Amino acid sequence: MVTASAPGKVYLFGEHAVVYGEPAVPCAIERRARVTAERRDDDKLRVNATDLTLDGFTVEYDGDAAGTPDVDVAEPLLEEGMGYINGAIEQARDAADTPDAGFDVTIESSIPLGAGLGSSAAVVTAAIDAATRELGVELDAAEIADRAYRVEYEVQDGQASRADTFCSAMGGAVRVEGEDCRRISNIPNLPFVIGYDGGSGDTGALVAGVRQRREEYNFAADTVSAIGDIVREGEQTLHDGDLEELGELMDFNHGLLSALGVSSRSLDSMVWAAREGGALGAKLTGAGGGGCIVALDPGDGAETALRYTRGCESVFRAELDTDGVRVEA
Ligand SMILES: Nc1ncnc2c1ncn2[C@@H]1O[C@H](COP(=O)(O)OP(=O)(O)OP(=O)(O)O)[C@@H](O)[C@H]1O
Ligand SMILES: C[C@@](O)(CCO)CC(=O)[O-]
Ligand SMILES: [Mg+2]
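If you're wondering where the values come from, they're calculated on a predicted model, not measured in any experiment.

Novice: Hey, could you run me through the pattern of salt bridges in this one?
Specialist: Working definition: two side chains of opposite charge can pair if their charged atoms are close together. Tallied over the entire structure, the rule returns 25 salt bridges. E108 serves as the salt-bridge partner of R34, at 3.8 Å between the closest nitrogen and oxygen. A residue pair is termed long-range when its members are at least 10 positions apart, and R34 in strand β2 (residues 25-39) and E108 in strand β5 (residues 103-109) qualify at 74 residues. Residue classification places E108 among the partly exposed positions, given a relative accessible area of 40%. The closest approach of N and O atoms between D42 and R40, which form a salt bridge, is 2.8 Å. Residue classification places R40 among the buried positions, given a relative accessible area of 17%.

Okay, here's the thing in C-alpha coordinates:
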(Lines give C-alpha, C1' and ligand atoms only; values in the text may rest on other atoms or scores of the structure.)
(Ligands and ions follow the chains in the order given, each with its own letter.)
Protein backbone atom coordinates (compact mmCIF):
# COMPACT_ATOMS: atom_id res chain seq x y z
CA MET A 1 0.00 0.00 0.00
CA VAL A 2 1.42 3.40 -0.97
CA THR A 3 0.13 6.89 -0.21
CA ALA A 4 1.27 9.88 -2.28
CA SER A 5 0.16 13.49 -2.09
CA ALA A 6 0.33 16.45 -4.46
CA PRO A 7 -0.47 20.15 -3.97
CA GLY A 8 -3.15 22.34 -5.46
CA LYS A 9 -2.26 25.73 -6.97
CA VAL A 10 -3.29 29.28 -7.62
CA TYR A 11 -2.57 31.16 -10.81
CA LEU A 12 -0.58 34.31 -10.25
CA PHE A 13 -1.11 34.92 -13.97
CA GLY A 14 -2.11 33.36 -17.24
CA GLU A 15 -4.89 30.75 -16.92
CA HIS A 16 -6.94 30.14 -20.08
CA ALA A 17 -4.42 31.97 -22.31
CA VAL A 18 -1.96 29.17 -21.49
CA VAL A 19 -4.20 26.75 -23.39
CA TYR A 20 -3.32 28.71 -26.58
CA GLY A 21 0.42 28.75 -26.06
CA GLU A 22 0.80 31.91 -23.97
CA PRO A 23 2.95 31.58 -20.84
CA ALA A 24 1.41 31.21 -17.37
CA VAL A 25 2.69 31.28 -13.79
CA PRO A 26 0.87 28.96 -11.40
CA CYS A 27 2.10 28.57 -7.80
CA ALA A 28 1.66 25.41 -5.70
CA ILE A 29 -0.07 25.97 -2.36
CA GLU A 30 -0.08 24.02 0.89
CA ARG A 31 -3.34 22.20 0.31
CA ARG A 32 -3.00 18.64 -0.87
CA ALA A 33 -4.79 15.68 -2.34
CA ARG A 34 -3.68 12.39 -0.80
CA VAL A 35 -4.19 9.17 -2.72
CA THR A 36 -3.60 5.68 -1.37
CA ALA A 37 -3.27 2.80 -3.85
CA GLU A 38 -3.34 -0.83 -2.83
CA ARG A 39 -2.92 -3.66 -5.32
CA ARG A 40 -5.82 -6.10 -5.58
CA ASP A 41 -5.68 -9.77 -6.51
CA ASP A 42 -8.05 -9.19 -9.43
CA ASP A 43 -8.14 -6.52 -12.18
CA LYS A 44 -10.84 -4.37 -10.58
CA LEU A 45 -10.63 -0.78 -9.53
CA ARG A 46 -12.38 0.21 -6.34
CA VAL A 47 -12.43 3.90 -5.54
CA ASN A 48 -13.27 5.51 -2.26
CA ALA A 49 -13.47 9.26 -2.76
CA THR A 50 -14.89 10.65 0.43
CA ASP A 51 -14.69 14.32 -0.61
CA LEU A 52 -16.17 13.96 -4.08
CA THR A 53 -19.78 14.54 -3.04
CA LEU A 54 -21.24 15.79 0.20
CA ASP A 55 -21.99 12.25 1.33
CA GLY A 56 -19.01 10.65 -0.29
CA PHE A 57 -19.37 7.48 -2.29
CA THR A 58 -17.66 4.24 -3.06
CA VAL A 59 -17.60 2.70 -6.50
CA GLU A 60 -16.67 -0.71 -7.67
CA TYR A 61 -16.30 -1.66 -11.29
CA ASP A 62 -14.18 -3.59 -13.73
CA GLY A 63 -11.08 -2.13 -15.38
CA ASP A 64 -12.66 0.57 -17.51
CA ALA A 65 -15.42 3.03 -16.80
CA ALA A 66 -17.70 0.75 -18.81
CA GLY A 67 -18.35 -1.49 -15.79
CA THR A 68 -21.63 -1.06 -13.94
CA PRO A 69 -21.00 0.98 -10.85
CA ASP A 70 -22.85 0.01 -7.73
CA VAL A 71 -23.52 3.51 -6.51
CA ASP A 72 -26.30 5.99 -6.12
CA VAL A 73 -25.06 9.12 -7.88
CA ALA A 74 -26.00 10.79 -11.15
CA GLU A 75 -24.30 9.24 -14.18
CA PRO A 76 -22.58 12.40 -15.51
CA LEU A 77 -21.10 13.22 -12.11
CA LEU A 78 -19.85 9.69 -11.77
CA GLU A 79 -18.41 9.61 -15.27
CA GLU A 80 -16.61 12.88 -14.79
CA GLY A 81 -15.46 11.95 -11.33
CA MET A 82 -14.14 8.59 -12.45
CA GLY A 83 -12.51 9.95 -15.61
CA TYR A 84 -9.56 11.38 -13.70
CA ILE A 85 -8.94 8.31 -11.55
CA ASN A 86 -9.48 5.91 -14.43
CA GLY A 87 -7.02 7.88 -16.51
CA ALA A 88 -4.45 7.96 -13.72
CA ILE A 89 -4.71 4.20 -13.17
CA GLU A 90 -4.40 3.62 -16.92
CA GLN A 91 -1.20 5.68 -16.92
CA ALA A 92 0.20 3.71 -13.98
CA ARG A 93 -0.61 0.38 -15.64
CA ASP A 94 1.07 1.60 -18.81
CA ALA A 95 4.18 2.89 -17.02
CA ALA A 96 4.61 -0.40 -15.15
CA ASP A 97 3.60 -2.51 -18.13
CA THR A 98 0.94 -4.35 -16.09
CA PRO A 99 -2.30 -3.75 -18.02
CA ASP A 100 -4.40 -5.92 -15.69
CA ALA A 101 -3.35 -4.51 -12.33
CA GLY A 102 -6.35 -3.92 -10.04
CA PHE A 103 -6.37 -1.39 -7.19
CA ASP A 104 -8.22 -0.16 -4.18
CA VAL A 105 -7.84 3.61 -4.31
CA THR A 106 -8.68 6.03 -1.51
CA ILE A 107 -8.70 9.78 -2.09
CA GLU A 108 -8.68 12.45 0.60
CA SER A 109 -8.25 16.07 -0.29
CA SER A 110 -8.20 19.49 1.32
CA ILE A 111 -8.52 21.20 -2.07
CA PRO A 112 -12.07 22.36 -2.85
CA LEU A 113 -13.43 20.67 -5.98
CA GLY A 114 -13.78 22.51 -9.26
CA ALA A 115 -12.91 25.79 -7.58
CA GLY A 116 -9.81 26.86 -9.49
CA LEU A 117 -7.27 25.43 -7.07
CA GLY A 118 -6.29 22.52 -9.30
CA SER A 119 -7.96 19.66 -7.43
CA SER A 120 -8.10 17.55 -10.59
CA ALA A 121 -4.39 17.90 -11.33
CA ALA A 122 -3.47 17.15 -7.69
CA VAL A 123 -5.63 14.01 -7.56
CA VAL A 124 -4.30 12.70 -10.87
CA THR A 125 -0.67 13.47 -10.05
CA ALA A 126 -0.83 11.83 -6.61
CA ALA A 127 -2.75 8.82 -8.00
CA ILE A 128 -0.17 8.15 -10.73
CA ASP A 129 2.66 8.33 -8.22
CA ALA A 130 0.94 6.09 -5.65
CA ALA A 131 -0.20 3.47 -8.17
CA THR A 132 3.12 3.21 -10.04
CA ARG A 133 5.05 2.85 -6.77
CA GLU A 134 2.59 0.19 -5.66
CA LEU A 135 3.55 -1.63 -8.88
CA GLY A 136 7.23 -1.26 -8.00
CA VAL A 137 8.03 1.52 -10.49
CA GLU A 138 9.35 4.94 -9.52
CA LEU A 139 8.74 7.73 -12.03
CA ASP A 140 10.46 11.08 -11.74
CA ALA A 141 8.32 14.17 -11.19
CA ALA A 142 8.63 15.30 -14.82
CA GLU A 143 7.26 12.01 -16.12
CA ILE A 144 4.43 12.03 -13.58
CA ALA A 145 3.61 15.57 -14.76
CA ASP A 146 3.61 14.47 -18.39
CA ARG A 147 1.36 11.48 -17.75
CA ALA A 148 -0.98 13.56 -15.57
CA TYR A 149 -1.23 16.11 -18.38
CA ARG A 150 -2.37 13.40 -20.78
CA VAL A 151 -5.17 12.52 -18.36
CA GLU A 152 -6.32 16.15 -18.02
CA TYR A 153 -6.15 16.53 -21.80
CA GLU A 154 -8.47 13.53 -22.25
CA VAL A 155 -10.96 14.52 -19.59
CA GLN A 156 -11.05 18.17 -20.74
CA ASP A 157 -11.84 17.02 -24.30
CA GLY A 158 -8.50 17.74 -25.84
CA GLN A 159 -8.23 21.28 -24.46
CA ALA A 160 -5.72 21.50 -21.64
CA SER A 161 -2.37 23.01 -20.83
CA ARG A 162 0.47 21.43 -18.91
CA ALA A 163 0.33 24.18 -16.29
CA ASP A 164 -1.76 22.61 -13.49
CA THR A 165 -0.20 19.15 -13.67
CA PHE A 166 3.39 20.40 -13.96
CA CYS A 167 2.89 22.75 -11.00
CA SER A 168 1.33 20.01 -8.88
CA ALA A 169 4.11 17.53 -9.70
CA MET A 170 7.03 19.96 -9.19
CA GLY A 171 5.73 22.30 -6.47
CA GLY A 172 6.81 25.93 -6.05
CA ALA A 173 6.19 28.64 -8.64
CA VAL A 174 6.46 27.46 -12.22
CA ARG A 175 6.34 28.87 -15.72
CA VAL A 176 4.62 26.96 -18.48
CA GLU A 177 4.52 27.95 -22.14
CA GLY A 178 3.35 25.18 -24.44
CA GLU A 179 5.66 22.22 -23.87
CA ASP A 180 8.25 24.35 -22.13
CA CYS A 181 7.79 23.83 -18.40
CA ARG A 182 10.20 25.05 -15.73
CA ARG A 183 10.41 26.02 -12.07
CA ILE A 184 10.99 29.65 -11.15
CA SER A 185 13.52 30.20 -8.40
CA ASN A 186 14.30 33.17 -6.14
CA ILE A 187 10.83 34.59 -5.89
CA PRO A 188 9.70 36.91 -3.09
CA ASN A 189 7.33 35.70 -0.37
CA LEU A 190 3.85 35.94 -1.90
CA PRO A 191 1.16 36.73 0.68
CA PHE A 192 -1.78 34.90 -0.92
CA VAL A 193 -5.28 35.26 0.47
CA ILE A 194 -7.95 33.02 -1.02
CA GLY A 195 -11.69 33.69 -1.05
CA TYR A 196 -14.01 30.79 -1.88
CA ASP A 197 -17.67 31.24 -2.85
CA GLY A 198 -18.48 27.58 -2.12
CA GLY A 199 -19.29 26.98 -5.78
CA SER A 200 -17.48 25.57 -8.75
CA GLY A 201 -17.07 25.99 -12.48
CA ASP A 202 -16.95 23.37 -15.21
CA THR A 203 -13.39 23.59 -16.52
CA GLY A 204 -14.11 21.87 -19.84
CA ALA A 205 -17.11 24.10 -20.61
CA LEU A 206 -15.31 27.31 -19.60
CA VAL A 207 -12.29 26.47 -21.74
CA ALA A 208 -14.61 25.67 -24.65
CA GLY A 209 -16.37 29.04 -24.21
CA VAL A 210 -13.09 30.96 -24.42
CA ARG A 211 -12.07 28.96 -27.47
CA GLN A 212 -15.33 29.84 -29.20
CA ARG A 213 -15.04 33.57 -28.43
CA ARG A 214 -11.45 33.55 -29.58
CA GLU A 215 -12.43 31.98 -32.88
CA GLU A 216 -15.38 34.29 -33.36
CA TYR A 217 -13.81 37.67 -32.55
CA ASN A 218 -10.38 39.07 -33.29
CA PHE A 219 -10.59 41.20 -30.19
CA ALA A 220 -11.11 38.10 -28.06
CA ALA A 221 -7.99 36.59 -29.63
CA ASP A 222 -6.21 39.89 -28.87
CA THR A 223 -7.42 39.66 -25.28
CA VAL A 224 -5.83 36.22 -24.97
CA SER A 225 -2.54 37.61 -26.38
CA ALA A 226 -2.75 40.56 -23.99
CA ILE A 227 -2.92 38.11 -21.08
CA GLY A 228 0.35 36.67 -22.43
CA ASP A 229 1.83 40.20 -22.35
CA ILE A 230 0.78 40.59 -18.71
CA VAL A 231 2.47 37.30 -17.84
CA ARG A 232 5.74 38.35 -19.52
CA GLU A 233 5.64 41.69 -17.69
CA GLY A 234 4.72 39.88 -14.47
CA GLU A 235 7.71 37.56 -14.70
CA GLN A 236 10.07 40.54 -14.67
CA THR A 237 8.09 42.07 -11.79
CA LEU A 238 8.33 38.80 -9.87
CA HIS A 239 12.05 38.76 -10.46
CA ASP A 240 12.29 42.35 -9.15
CA GLY A 241 10.20 41.43 -6.11
CA ASP A 242 7.82 44.37 -6.63
CA LEU A 243 4.62 43.21 -4.90
CA GLU A 244 2.70 46.41 -5.64
CA GLU A 245 3.21 46.07 -9.36
CA LEU A 246 2.39 42.35 -9.18
CA GLY A 247 -0.93 43.34 -7.61
CA GLU A 248 -1.66 45.83 -10.41
CA LEU A 249 -0.93 43.18 -13.00
CA MET A 250 -3.21 40.70 -11.21
CA ASP A 251 -6.02 43.28 -11.35
CA PHE A 252 -5.41 43.74 -15.06
CA ASN A 253 -5.36 39.98 -15.63
CA HIS A 254 -8.70 39.63 -13.84
CA GLY A 255 -10.24 42.32 -16.05
CA LEU A 256 -9.22 40.46 -19.18
CA LEU A 257 -10.48 37.10 -17.86
CA SER A 258 -13.72 38.82 -17.05
CA ALA A 259 -13.89 40.19 -20.61
CA LEU A 260 -13.44 36.63 -21.88
CA GLY A 261 -16.55 35.64 -19.92
CA VAL A 262 -15.10 33.40 -17.23
CA SER A 263 -15.78 35.49 -14.12
CA SER A 264 -19.03 35.50 -12.15
CA ARG A 265 -20.90 37.82 -9.87
CA SER A 266 -19.52 36.22 -6.72
CA LEU A 267 -15.96 36.07 -8.06
CA ASP A 268 -16.19 39.76 -9.02
CA SER A 269 -17.59 40.75 -5.66
CA MET A 270 -14.85 38.87 -3.81
CA VAL A 271 -12.22 40.50 -6.04
CA TRP A 272 -13.62 43.95 -5.25
CA ALA A 273 -13.95 43.22 -1.53
CA ALA A 274 -10.31 42.12 -1.38
CA ARG A 275 -9.15 45.24 -3.23
CA GLU A 276 -11.23 47.56 -1.05
CA GLY A 277 -9.90 45.77 2.01
CA GLY A 278 -6.39 46.73 1.01
CA ALA A 279 -5.13 43.91 -1.19
CA LEU A 280 -2.40 44.90 -3.64
CA GLY A 281 -4.37 43.08 -6.31
CA ALA A 282 -6.91 40.32 -6.80
CA LYS A 283 -8.09 38.00 -9.55
CA LEU A 284 -10.01 34.82 -10.12
CA THR A 285 -7.86 31.70 -10.25
CA GLY A 286 -8.16 28.66 -12.50
CA ALA A 287 -11.00 28.06 -14.89
CA GLY A 288 -13.42 30.51 -13.19
CA GLY A 289 -17.21 30.47 -13.39
CA GLY A 290 -17.30 30.16 -9.61
CA GLY A 291 -14.95 28.96 -6.91
CA CYS A 292 -11.94 30.94 -5.75
CA ILE A 293 -10.21 34.25 -6.10
CA VAL A 294 -6.63 34.91 -5.07
CA ALA A 295 -5.55 38.24 -3.60
CA LEU A 296 -2.12 39.51 -2.67
CA ASP A 297 -2.12 41.12 0.76
CA PRO A 298 0.74 41.34 3.25
CA GLY A 299 -1.70 42.75 5.85
CA ASP A 300 -4.99 41.36 7.13
CA GLY A 301 -7.38 43.84 5.44
CA ALA A 302 -8.39 41.65 2.51
CA GLU A 303 -8.99 38.67 4.77
CA THR A 304 -11.25 40.69 7.04
CA ALA A 305 -13.11 42.28 4.12
CA LEU A 306 -13.72 38.88 2.51
CA ARG A 307 -15.03 37.49 5.79
CA TYR A 308 -17.83 40.06 5.65
CA THR A 309 -18.52 39.67 1.95
CA ARG A 310 -21.81 38.18 0.94
CA GLY A 311 -21.24 35.17 -1.26
CA CYS A 312 -17.82 34.44 0.20
CA GLU A 313 -18.12 31.15 2.05
CA SER A 314 -14.60 30.82 3.37
CA VAL A 315 -11.33 32.71 3.45
CA PHE A 316 -7.87 31.37 4.07
CA ARG A 317 -4.25 32.30 3.60
CA ALA A 318 -2.18 30.02 1.40
CA GLU A 319 1.56 29.53 1.67
CA LEU A 320 3.59 28.59 -1.37
CA ASP A 321 4.33 24.86 -1.22
CA THR A 322 7.83 24.20 -2.46
CA ASP A 323 7.23 20.44 -2.44
CA GLY A 324 5.52 18.80 -5.38
CA VAL A 325 4.27 15.23 -5.49
CA ARG A 326 5.67 13.13 -2.64
CA VAL A 327 5.25 9.86 -0.85
CA GLU A 328 3.52 10.02 2.52
CA ALA A 329 4.51 7.84 5.43
N1 LIG B 1 -11.07 14.73 -3.65
C2 LIG B 1 -11.41 14.27 -4.84
N3 LIG B 1 -11.83 12.99 -4.99
C4 LIG B 1 -12.17 12.55 -6.22
N5 LIG B 1 -12.15 13.30 -7.34
C6 LIG B 1 -11.76 14.55 -7.23
C7 LIG B 1 -11.36 15.11 -5.98
N8 LIG B 1 -11.01 16.40 -6.19
C9 LIG B 1 -11.20 16.64 -7.50
N10 LIG B 1 -11.62 15.54 -8.14
C11 LIG B 1 -11.98 15.45 -9.57
O12 LIG B 1 -11.63 16.67 -10.21
C13 LIG B 1 -12.81 17.34 -10.71
C14 LIG B 1 -12.66 18.84 -10.64
O15 LIG B 1 -11.72 19.23 -11.61
P16 LIG B 1 -11.80 20.61 -12.37
O17 LIG B 1 -10.67 20.67 -13.31
O18 LIG B 1 -13.18 20.83 -12.90
O19 LIG B 1 -11.61 21.68 -11.20
P20 LIG B 1 -10.30 22.03 -10.38
O21 LIG B 1 -9.17 21.20 -10.88
O22 LIG B 1 -10.62 21.95 -8.95
O23 LIG B 1 -10.13 23.56 -10.75
P24 LIG B 1 -9.22 24.22 -11.92
O25 LIG B 1 -8.98 23.18 -12.96
O26 LIG B 1 -10.03 25.37 -12.40
O27 LIG B 1 -7.99 24.65 -11.20
C28 LIG B 1 -13.93 16.80 -9.85
O29 LIG B 1 -15.17 16.90 -10.51
C30 LIG B 1 -13.50 15.33 -9.68
O31 LIG B 1 -13.78 14.59 -10.83
C1 LIG C 1 -8.35 27.20 -17.51
C2 LIG C 1 -7.02 26.46 -17.44
O3 LIG C 1 -6.03 27.30 -18.05
C4 LIG C 1 -6.58 26.25 -16.00
C5 LIG C 1 -7.52 25.48 -15.13
O6 LIG C 1 -6.96 25.37 -13.82
C7 LIG C 1 -7.15 25.18 -18.21
C8 LIG C 1 -5.82 24.51 -18.49
O9 LIG C 1 -4.76 25.16 -18.41
O10 LIG C 1 -5.84 23.30 -18.85
MG1 LIG D 1 -8.66 21.12 -12.96
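Structure's up, so let's keep going.
Novice: Could you clarify how one ought to interpret the pairing of strand β9 (residues 281-284) in this entry?
Specialist: Along any regular strand the residues' side chains alternate between the sheet's two faces. By the alternation rule, side chains of β9 split into G281 and K283 and A282 and L284, which are all buried. For β9 and strand β10 (residues 292-296), the ladder comprises 4 bridges, and the chain directions are antiparallel. Residue L284 lies in a different strand from β10, and its bridge partner there is I293.

Novice: Looking at this structure, I do not really get the site of ligand 1. What am I missing?
Specialist: Among the 23 residues in the neighbourhood of ligand 1, the closest are listed as K9, G114, G118, S119 and S120. Contacts to ligand 1 include G118, whose backbone N or O atom sits 2.9 Å from an oxygen atom. Within the backbone of A287, a nitrogen or oxygen atom sits 2.9 Å from an oxygen atom of ligand 1. For ligand 1, whose unbound accessible area comes to 630 Å², protein coverage reaches 95%. Elements that contribute at least two residues to the shell around ligand 1 include exactly α1 (75-96), β5 and α2 (119-134). Of the residues belonging to the shell around ligand 1, the class tally is 10 nonpolar, 9 polar and 4 charged. Viewed by domain, the shell around ligand 1 spans two of them, domain 1 (2-184) and domain 2 (192-318), each represented by three or more residues.

Novice: What's the story with the sheet that holds strand β8 (residues 192-196) in this structure? I'm lost.
Specialist: By definition, the strands of a sheet pair up through backbone hydrogen bonds, in either a parallel or an antiparallel sense. Pairing is antiparallel in the open sheet, where 4 strands are placed in the order β9-β10-β8-β11. The sheet is open, and its two edges are formed by β9 and β11 (314-318), each paired on a single side. Within this sheet the neighbouring strands show an average axis-to-axis angle of 20°, counted without direction. Along the sheet face, helix α7 (residues 243-259) touches β9 and β10 and points at about 30° away from the line of β9.

Novice: Help me understand the pairing of strand β6 (residues 173-177) in this model?
Specialist: Of all 5 residues in β6, 4 are buried; the element is thus mostly enclosed. Counting the residues between successive antiparallel strands, the hairpin from β6 to strand β7 (residues 180-184) contains 2 residues, one of them, G178, with a positive phi of roughly 60°.

Novice: What's the story with the site of ligand 2 in this structure? I'm lost.
Specialist: Taken together, 13 residues lie around ligand 2, and K9, H16, A160, S161 and D164 are the ones closest in. S161 has a polar side-chain atom sitting 2.5 Å from an oxygen atom of ligand 2. Between D164 and ligand 2, the recorded distance is 2.7 Å, taken from a side-chain N or O atom to an oxygen atom. When the free accessible area of ligand 2 is taken as 300 Å², the share hidden by the protein chains comes to 97%. Split by residue class, the shell around ligand 2 holds 6 nonpolar, 4 polar and 3 charged. Taken domain by domain, the shell around ligand 2 gets at least three of its residues from each of domain 1 (2-184) and domain 2 (192-318).

Novice: Would you mind going over the packing of α2 against helix α4 (residues 163-170) with me for this structure?
Specialist: A packed helix pair is summarised by two numbers, namely the angle formed by the two axes and the spacing between the axes. Contact geometry of α2 with α4 gives a least axis separation of 9 Å together with a crossing angle of 55°. Relative to α4, α2 is oriented oblique. Handedness of the α2/α4 crossing: right-handed. Within the contact between the two elements, α2 uses A121, A122 and T125 and α4 uses D164, T165, S168 and A169. Split into classes, the residues belonging to the contact of α2 with α4 amount to 3 nonpolar, 3 polar and 1 charged.

Novice: Please clarify how the environment of C181 should be interpreted in this entry.
Specialist: Looking at where C181 falls in the secondary structure, it is placed in strand β7. A relative accessible area of 22% means that C181 is categorised as partly exposed. Expressed as a C-alpha distance, the spacing of C181 and C167, which sit 14 residues apart in the sequence, is 8.9 Å.

Novice: Please clarify how the UniProt feature "binding site: ATP" (unreviewed entry) in the chain should be interpreted in this entry.
Specialist: Under the UniProt annotation, "binding site: ATP" (unreviewed entry) lies at P112, L113, G114, A115, G116, L117, G118, S119, S120, A121 and A122. Locating L117 in the fold gives a position in the loop between β5 and α2. Aside from chain neighbours lying at most four places away, what touches L117 is G8, K9, V10, I29, I111, P112, I194, T285, C292 and F316. Mapped onto the secondary structure, A121 falls in helix α2. Owing to a relative accessible area of 0%, A121 belongs among the buried residues under this scheme.

Novice: Honestly, the nonpolar core in this entry has me stumped. Any pointers?
Specialist: Of all hydrophobic cores here, the largest spans 87 residues; its most connected members are L12, I85, F103, L190, F192 and L306. If one sorts the elements of this core by residue count, α2 sits on top with 8 residues. Per-domain counts for this core show at least three residues from each of domain 1 (2-184) and domain 2 (192-318). For F103, the contacting residues outside a window of four places in its chain are A37, E38, R39, R40, K44, L45, R46, I89, A131, E134 and L135. Y11, A28, A163 and V176 belong to the second-largest nonpolar core, a separate cluster that totals 11 residues.

Conventions and cut-offs
Each chain carries its own residue numbering, running from 1 in the written order of its sequence. Labels are handed out in written order, letters beginning with A for the chains and numbers beginning with 1 for the ligands. For a predicted model such as this one, the threshold for reporting local features is a pLDDT of at least 70, and the threshold for listing and counting side-chain atom pairs is 80 or more; totals across whole chains, interfaces and linings nevertheless cover every residue. Based on all heavy atoms of the structure, the side-chain values leave hydrogens and waters out of the count. By definition, a salt bridge exists where a carboxyl oxygen of Asp or Glu is found within 4 Å of a side-chain nitrogen of Lys or Arg. Helix numbers and strand numbers start at the N terminus; a helix is a DSSP run of H or I with at least 4 residues, a strand a run of E with at least 2. Classification of residues uses two cut-offs on accessible area relative to the type maximum, computed with a 1.4 Å probe and protein chains only: under 20% is buried, over 50% is exposed, and between them is partly exposed. Strands were regarded as paired on the criterion that DSSP finds at least two bridges between them. Proximity is defined per residue: any heavy atom of the residue falling within 4 Å of a molecule or strand makes that residue near it. Side-chain atoms alone can form a polar contact between residues adjacent in sequence; in general such a contact is a pair of N or O atoms within 3.5 Å, and within protein one must be able to donate a hydrogen while the other accepts it. Methods summary: accessible areas were calculated by the Shrake-Rupley approach with a probe of 1.4 Å, and residue burial reflects only the protein chains presented. Gly is placed with the polar residues, together with every amino acid not listed as nonpolar (Ala, Val, Leu, Ile, Met, Phe, Trp, Tyr, Cys and Pro) or charged (Asp, Glu, Lys and Arg). The source of the domain bounds is an automatic or database domain assignment. Here the axes come from fitting lines to C-alpha atoms, over the contacting stretch only for helices, and the angles between their N-to-C directions go from 0 to 180 degrees. The contact criterion used throughout is that any non-hydrogen atoms of two residues lie within 4.5 Å. For classification, angles of less than 35 degrees are called roughly parallel, those exceeding 145 degrees roughly antiparallel, those between 65 and 115 degrees roughly perpendicular, and all remaining angles oblique. Note on convention: the crossing is left-handed when the near helix lies turned anticlockwise from the far helix by less than a right angle, right-handed when the turn is clockwise. UniProt positions are given in the numbering used here, feature names are shortened, and annotations may be inferred rather than shown by experiment. By nonpolar core is meant a set of buried Ala, Val, Leu, Ile, Met, Phe, Trp, Tyr and Cys residues that side-chain atoms within 4.5 Å join together.

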